[in-house]
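Take a look at the letters that make up each chain.
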Amino acid sequence: MNRQAQAVILLLLGGAVIRASVTDLYLRYVKEGLRPFLIAAGLLLVAAAIMTLWYELRPAAPRALAPTGDPGGAPAGGDGAAVDGGVPAGGSVDVPDVGAGGPADGSGAGHDGHGHAHHEPRVGWLLILPVLGLLLVAPPALGSYAAGQAGTALSSQQQSDYPPLPEGDPVQVSVLDYASRALFDRGTSIGDRRVQLTGFIATGPDGQPILARMVLSCCAADGRPVKLGLTGDVPAGLPDDSWVEVTGRYSDRLGRDPVNDAEIPYLEVESWRQVPVPKRPYD
Amino acid sequence: MTTDTDRAVPGEPGGRASAGGVDTGTRPPDPAGAEPPRRWLGDRIGSVEILAALLIILIIFREPIAAALDDPRVQTWTTVFVSIMVQAVPFLVFGVLLSAVIAVFVPRSFWAKALPRHPALAVPAASAAGVVLPGCECGSVPIAGSLIRRGVTPAAALAFLLAAPAVNPIVLTATAVAFPNNPEMVLARGVASLIVAMIMGWLWLRLGRTEWIRMPRRPELDDASRGRAFWAAVRHDVTHAGGFLVLGAMAAASINVLVPERWLQTLADNPWLSILALALLAVLLSLCSEADAFVAASLSQFSLTSRLVFLVVGPMVDLKLISMQAGVFGRRFAFRFAPTTFVVALLVAVGAGAVLL
């Protein structure tokens, strides 16, 4: 893979990352807090691509004038004027290690020949894959398959004092919040309030539909499900991965997740409706 | 797959390589490289043309490709793979940027002044330097490569490589948040990781051979124009380390999809087996060191010591790191360094768990 091709790949990768982070696509894969870093990294990749192309396409003229690879001299002077603001302009012509200047420049003049074939990383071709993944495929957020593979995430934290639920009837809570209150506080802080939560449908261990939502701490590779059993008006006839908004009350029934032997709290469903995939698919 | 690391001739016998530096630039030009490679159709079809053709084909066949990805397993694999890459890209890019600054703008004399002269003392100094650099492991590999290139003794650079992702403030804070009821976990993780980094640095001083590290020759770093050298370093490191990151991410995504958590349940009951199982899981999952504490917290069926092993091994040895190290330092290095680090990290973490947890 030669330098121009590398520049194109960097441009594509940077473009794909920027596109994913200015739309909401990135929320399927990582936490919201990463957005500024993603944009900055994408811009840097684009800058690296542009600078590579700039240096690749520009020095053709000076080298044609001095085909023997005149050390320092004309190409370096020309580049000194071209470097961007981040580079100390005065030092750009100075070679830190004078002894290495001559031979290095000599091989640099020859790199059009063997440099491309041997010194450029062929493994870089693989970077097309994440570009395709982001631009062409854009896989959906983790869903019921991943939820079935992993045990429910609520098994360790033993917090017991929960603040009272916010105002509202029904009150909007996250699946994670409801499940922790139901499990560790045995529903005391929920009382008989009506709660409304949004998650996707997955098939539980007993074949019944359960409500699940994935929790991320960093990226989808560490995504873990929070699972809720459903009783009462259970959403029926929906395929896995359908997103629903359910309204209901606390139920003291508990199930067990066979995957990691952790307890799964239940929700007494009063009503439910199908909703589109939310902008933030993870809790 | 790799660059010229495999075909590089050994450093000059008894030459300056024995001074602790690694021979990167003085390789005599090999005869094969002197003549330009034969290309079919002259110079017409290069990488750019292949790339363009590939992209056009992929866009044309977009529908069948999307249909093939419809299986939930393949879909989950793709999601996990893309998300590992998206998560790692900022860390990779900033690590590469820092390593390019080190390679191009920081003079060699700076490291001679900044680090203790004696290599055995430079190791703890470099490990401690890892504490202040918030980053994850994807960024620290190219940084360590640059340090070695700039004449830092490999022992110190390797100690930095191991310590930086494991003991920086972000990672320790994440650990504290993930284990609210076990604050001793933070201490145990920090202490054990520092000890492993220093042991590995000292082990390298005693047993390491500089010829194991084969860093590709990088003539562009000596370019007369620093701007050109800087961007050449960025371009090279992103495609090189990034390519190996893709390999590692694919492996980690496969493990993530193929190994169901149920299997772990049966291992958790045996204390010794559980330690070994979580150590291997840390290698296979290749989680970002900023996230692994949360995963460890969710593996509640396992003992605290085995979860400490998971947290100490993970940032130091995992699939994507082995892949990146093989690319940056050469395969002979990676295949010796990674297993040794694994064993040392496992033993130290078990010891720290016995004392502190």
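Residues numbered from 1 in each chain as written. Chains lettered and ligands numbered in written order. Predicted model: local features only at pLDDT ≥ 70, side-chain atom pairs only at ≥ 80, totals over all residues.

S.K.: Where do I start with the overall build of chain B in this structure?
M.R.: Counting its secondary structure elements, chain B contains 17 helices and zero strands. Here chain B holds 357 residues, and 55% of them are scored as buried. Partitioning the contacts of chain B with sequence separation of at least 6, the portion at a separation of at least 24 is 85%. (Helix = DSSP H or I, 4+ residues; strand = E, 2+ residues; numbered from the N terminus. Buried ≥ 20, exposed ≤ 12 C-beta atoms within 10 Å, placed from the backbone. Contact = placed C-beta atoms within 7 Å.)

S.K.: I keep staring at the packing of helix α10 (residues 184-207) of chain B against helix α15 (residues 304-313) of chain B and nothing clicks. Help me out?
M.R.: Helix-helix packing: each pair is described by the crossing angle between the helix axes and the interaxial distance. All names here are of chain B. Closest axis-to-axis distance for the α10/α15 pair is 10 Å, and the angle between their directions is 50 degrees. Our classification of the angle between α10 and α15 gives oblique. The handedness of the crossing between α10 and α15 comes out as right-handed. Of α15, the residues touching α10 (which contributes Met 185, Ala 188, Arg 189, Ala 192, Ser 193 and Val 196) are Leu 304, Leu 308, Leu 311 and Val 312. Of the residues belonging to the contact of α10 with α15, the class tally is eight nonpolar, one polar and one charged. (Axes fitted to C-alpha atoms, helices over the stretch in contact; angles between N-to-C directions. Parallel < 35°, antiparallel > 145°, perpendicular 65-115°, else oblique. Left-handed = near helix turned anticlockwise from the far one by under 90°. Nonpolar A, V, L, I, M, F, W, Y, C, P; charged D, E, K, R; others polar.)

S.K.: Whenever I open this one, the confidence of the model for chain B confuses me. Can you help?
M.R.: Reading predicted coordinates in detail is not appropriate for stretches of low pLDDT. Residues and elements named next belong to chain B. Mean pLDDT for chain B: 80, with 86% of residues reaching 70 or above. Between residues 1-42, whose pLDDT stays under 50, and residues either more than four places distant or in other chains, the model counts 52 contacts. Scoring the predicted complex yields pTM 0.75 and, for the interface, ipTM 0.78. (pLDDT = per-residue confidence, 0-100.)

S.K.: What should I look at first to understand the confidence of the model for chain A in this one?
M.R.: Residues and elements named next belong to chain A. Per-residue confidence for chain A gives a mean pLDDT of 78, with 76% of residues at or over 70. Confidence, read as mean pLDDT per element, is least for helix α5 (residues 98-119) in chain A (37) and greatest for strand β2 (residues 195-203) (94). In the model, residues 61-118 has pLDDT below 50 throughout and makes 70 contacts with residues more than four positions away in sequence or in other chains.

S.K.: Looking at this model, I keep getting lost on the pairing of strand β3 (residues 209-215) of chain A. Mind explaining?
M.R.: The two faces of the sheet receive side chains in turn, since in a regular strand these alternate between them. Residue and element names in this part refer to chain A. Within β3, seven of the seven residues are buried, which leaves it mostly tucked inside the rest of the structure. Burial along β3 is two-sided: Pro 209, Leu 211, Arg 213 and Val 215 and Ile 210, Ala 212 and Met 214, pointing in opposite directions, are all buried. Sheet analysis places β2 next to β3, joined by four bridges and oriented antiparallel. Opposite Phe 200, over in β3, you have Ala 212 as the bridge partner. (Pairing = 2+ DSSP bridges.)

S.K.: Just checking my understanding: could you explain helix α13 (residues 271-285) of chain B for this structure?
M.R.: The periodicity of an α-helix, 3.6 residues per turn, causes residues three or four places apart in sequence to face the same way. Residue and element names in this part refer to chain B. Here α13 spans 21 Å end to end across 15 residues, near enough to the 21 Å set by a 1.5 Å rise per residue. For α13, every residue scored as buried is listed here: Ser 274, Ile 275, Ala 277, Leu 278, Ala 279, Leu 281, Ala 282, Val 283 and Leu 285. Tucked into the core, α13 has its buried residues touching α11 (226-258), α12 (261-267), α15, α16 (319-329) and α17 (331-356). Positive backbone phi, approximately 55 degrees, marks Ser 286, located one or two places after α13. (Expected span 1.5 Å × (residues − 1).)

S.K.: Honestly, the environment of Glu 32 of chain A in this entry has me stumped. Any pointers?
M.R.: Residue and element names in this part refer to chain A. Position of Glu 32 among the secondary structure elements: in the loop between α1 (3-22) and α2 (35-57). You can call Glu 32 exposed: it has 11 C-beta atoms within 10 Å. The spacing of Glu 32 and Val 46 is 14 residues in sequence and 22 Å in space, taken between C-alpha atoms.

S.K.: Help me understand α1 of chain A, please; the structure alone is not making it clear to me.
M.R.: With 20 residues, α1 of chain A should cover 28 Å at 1.5 Å per step; its first-to-last C-alpha distance of 28 Å lies within 8% of that length. The buried count for α1 of chain A comes to 14 of 20 residues, which makes it a mostly enclosed element.

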